[in-house]
Amino acid sequence: MSNLTTLTLKPGKTESFTASGAIAAGKPVILNDAGTVTQVGETTHSEAVGSPTVATVAAASNPNIVYDSVNDRVVAIWWRSSDKYGLARVGTVSGTSITWGTLTIWRTIALDETPQIAFNANTGQFVIAFTEVTGNQGTNHGWCVVGEVTGTNKNELTFGAPVKSYAGWAPKHRIAYDPDTYKMLLLQKQAGTGAYACAVTLSGTGTGATVSYGTFAQYTSSSNSDAHVGVYYDTSQNCFVIAWNENTGYARTATISGTSVSYGTASTFYSGSAFGGIPATFDSEANKGIIAWVDGNTGNKIGKLRVVTVANNALSFGNVTTIYSCLLYTSDAADERSSVDLGGRRI
């Protein structure tokens, strides 16, 4: 039994305790379970930060990166500024340093917007979703391509053939992994008709790796829906949460079954314009998500966020938390040549 069970402290009274360790005069103490006291101390944690390592000497735009948990590597993608070709390199992290493998060109047609990448832990492959420039905006179609880390030292990349996802202007994409069905969820804005999602199935390996698409299901038909959309997978509820802006911030669940996608009811997470990429992530310890956005209703574009709870495909939200004095320049903002607060998926 603890010595604290019979201890009573009264206001205005003094008590004597046995010290556990040295205690300097006038310093605060904490009461231990054994009835002893210890001086309140500080623990210093040092942060080891590595030096930047050049992945490409040519001017690059719209980078993105993903972790390959099967091979313990990172894969960085971007497009080269001179011709907008899609490039990639595999990185090996050791301590606070990173070394880059062979530079690979995965698309020799000019890209538009930021290519998105997600890793499939079941197949050990990653999928890049992108838009390519083939003429006017009406012919900037959506595509996906499968890649994987290869080579004796796991420092090379091999890609399959790209597969068109939409034969129309698809100005923005997001892609995420479903660890329960082993499929990917592709989010795509299809200009003039709203925003959609479909299940993506991977097959084959190496240069024979490919994707097949399920039927696109519309998650908003609003012509005001823009490119700001976030997505995460809730492993406690076995569903995705999609968040987007159409002059009001909305979110809903999305579930893959076979090759189809179904949705829960859309809920409002913010009654004003929410933009800045709408980063979204899941906390697997708390089994809750977080949606962040930039308040488009304020002149100084303040960053805000809310905690999301999913139950029976319905969403509930915690209080809005405001993030002060945090001006960030993000990849999404770079696309639009504007600066925003707490705006992108990469900070």
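How each quantity is defined
Residues numbered from 1 in each chain as written. Predicted model: local features only at pLDDT ≥ 70, side-chain atom pairs only at ≥ 80, totals over all residues. Heavy atoms only, no water. Helix = DSSP H or I, 4+ residues; strand = E, 2+ residues; numbered from the N terminus. Buried < 20%, exposed > 50% of the residue type's maximum accessible area, 1.4 Å probe, protein only. Contact = heavy atoms within 4.5 Å. Polar contact = N/O pair within 3.5 Å; in protein donor to acceptor, adjacent residues only side chain to side chain. Pairing = 2+ DSSP bridges. Core = buried A, V, L, I, M, F, W, Y, C linked by side-chain atoms within 4.5 Å. Disulfide = S-S within 2.5 Å. Salt bridge = Lys/Arg side-chain N within 4 Å of Asp/Glu carboxyl O. Phe/Tyr/Trp six-rings, centres within 6.5 Å; stacked < 30°, edge-to-face > 60°. pLDDT = per-residue confidence, 0-100.

## What about the overall build of the protein?
Scanning the protein from N- to C-terminus turns up 1 helix and 30 strands. Within the span of the protein, comprising 347 residues, buried residues form 46% of the whole. Sequence-distant contacts in the protein: of pairs separated by 6 or more residues, those separated by 24 or more amount to 44%.

## Quick look at unusual backbone geometry
Of note in the backbone geometry, D72 takes a positive phi value of approximately 55 degrees without being a glycine. Considering the arrangement of structural elements, one finds D72 in the loop between β3 (60–68) and β4 (73–80). The phi torsion at N247 lies on the positive side, around 70 degrees, for a residue other than glycine. Tracing the sequence through the fold places N247 in the loop between β19 (239–245) and β20 (249–257). N247 sits in the partly exposed class, given a relative accessible area of 48%.

## A closer look at the side chain of N71
Among the secondary structure elements, N71 is positioned in the loop between β3 and β4. For N71, the side chain forms a polar contact with the side chain of D68, separated by 2.9 Å. The residues contacting N71, other than those within four sequence positions of it, are V149 and K154.

## Details of the pairing of strand β11 (residues 156–159)
Note that strand β10 (residues 142–150) and β11 share 4 bridges and pair antiparallel. Pairing of E148 across the sheet is with T158, part of β11. Between β10 and β11, which pair antiparallel in sequence order, lie 5 residues; one of them, G151, sits at a positive phi of approximately 95 degrees.

## Quick notes on the nonpolar core
Counting residues in hydrophobic clusters, the biggest one holds 18 residues, and the most contacted among them are V75, W106, F126, I128, L157 and F159. Of all the elements in the fold, those that place two or more residues in this core are β4, β5 (86–94), β8 (111–120), β9 (125–132), β10 and β11. When near neighbours in sequence (up to four residues on either side) are disregarded, W106 contacts I77, W78, G86, L87, A88, L111, P115, I128, F130, V145 and F159.

## Topic: the environment of S203
With respect to the helices, strands and loops of the structure, S203 is situated in strand β15 (residues 194–203). Residue S203 is classed as partly exposed on the basis of its relative accessible area of 39%. The spatial distance from the C-alpha of S203 to the C-alpha of Q125 is 9.9 Å, given a sequence separation of 78 residues. Setting aside chain neighbours within four positions, we find S203 in contact with G208, A209 and T210.

## Observations regarding the state of the cysteines
The final tally for this structure, using the stated rule, is 0 disulfides. Here C144 stays unpaired: no disulfide links it, and the sulfur of C198, its closest cysteine neighbor, is 7.4 Å away.

## Some points on the pattern of salt bridges
Within the structure shown, the criterion is met by 3 salt bridges. Of the charged contacts, one joins R80 and D83 as a salt bridge, the two residues approaching to 2.8 Å between their closest N and O atoms. You can call D83 partly exposed: its relative accessible area is 24%. The partner of K304 in a salt bridge is D295, with the nearest N and O atoms 2.8 Å apart.

## Topic: the packing of aromatic side chains
Here the distance between the centres and the angle between the planes together describe a pair of aromatic rings. The full count for this structure, using the stated rule, is 11 aromatic pairs. Ring plane angle 65 degrees and centroid distance 5.1 Å describe the contact between Y219 and W244, whose orientation is recorded as edge-to-face. Separated by 25 residues along the polypeptide, Y219 in strand β17 (residues 217–220) and W244 in strand β19 bring together distant segments of the chain. With respect to class, Y219 is no different from W244; both count as buried.

## Comments concerning the confidence of the model for the protein
The share of residues in the protein with pLDDT of 70 or more is 85%, and the mean pLDDT across the chain is 85. Here residues 325–347 scores under 50 on pLDDT; set against residues more than four positions off or in separate chains, the count is 66 contacts.

## Considering the environment of P63
Checked against the element boundaries, P63 lands in strand β3. Each C-alpha atom of the pair P63 and I77 lies 5.6 Å from the other, and the pair is 14 residues apart in sequence.

## A word on the environment of C144
Locating C144 in the fold gives a position in strand β10. In this structure the C-alpha to C-alpha distance between C144 and V211, which are 67 residues apart in sequence, comes to 7.4 Å. Contact partners of C144, with chain neighbours within four places excluded, come to V127, I128, A129, F130, P162, V163, L186, V211 and Y213.

## Thoughts on the side chain of Q116
Inspection of the secondary structure puts Q116 in strand β8. A distance of 3.4 Å separates a polar atom in the side chain of Q116 from a polar atom in the side chain of N64.

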